[in-house]
Amino acid sequence: MQIYFSPEVITPEYQVLNVVDGKNKGVGNVAFLFAEKKLYVYGILEENEVGADFKDLITPYIKGLAKAKPGLDILSCLYVGCKKIKLNEEEEDE
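**Focus: the sheet that holds strand β2 (residues 14-21)**
Right, so step 1: The strand order β1-β2-β3-β4-β5-β6 describes an open sheet built from six strands, whose pairing is mixed. What marks the edges here is a single partner per strand, and that holds for β1 (3-10) and β6 (83-85). Sheet twist, expressed as the mean angle between neighbouring strand axes with direction ignored, is 20 degrees.
Right, so step 2: In this structure, β1 lies alongside β2, joined through seven bridges in antiparallel fashion. Paired with S6 across the bridge in β2 is N18.
Right, so step 3: Strand contacts of helix α1 (residues 51-68): β1, β2, β3 (26-35), β4 (38-45), β5 (73-80) and β6, with the helix running at about 45 degrees to β1, the strand carrying the most contacts.

This is the structure:
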């Protein structure tokens, strides 16, 4: 299933994006909070079948945001259904 970001609110301090499917049905949301040298990412999706698509969508988005502020420490908490997803191998060690 294809999913997309649909902006809800975007400011210099934070972004709130809805996650929608091809029929513009909301399947979750994600929030990005910028604080000094940290980027906090919180997101939850309701439908388990979009987990891999969500990871494929959010990973390059975060990498793009990180390019704007070199040295940015990225902290994430992302869930699909009731399962936490990990964006990289480093999170698996925590």
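**Concerning unusual backbone geometry**
Right, so step 1: The phi angle at N24 is positive, at roughly 65 degrees, despite the residue not being glycine.
Right, so step 2: Relative to the assigned elements, N24 resides in the loop between β2 and β3.
Right, so step 3: Unlike most non-glycine residues, E36 shows phi in positive territory, near 55 degrees.
Right, so step 4: With respect to the helices and strands, the residue E36 is situated in the loop between β3 and β4.
Right, so step 5: For E36, a relative accessible area of 76% puts it in the exposed group.

Cut-off values and rules
- Residues numbered from 1 in each chain as written.
- Predicted model: local features only at pLDDT ≥ 70, side-chain atom pairs only at ≥ 80, totals over all residues.
- Heavy atoms only, no water.
- Pairing = 2+ DSSP bridges.
- Helix = DSSP H or I, 4+ residues; strand = E, 2+ residues; numbered from the N terminus.
- Axes fitted to C-alpha atoms, helices over the stretch in contact; angles between N-to-C directions.
- Contact = heavy atoms within 4.5 Å.
- Buried < 20%, exposed > 50% of the residue type's maximum accessible area, 1.4 Å probe, protein only.

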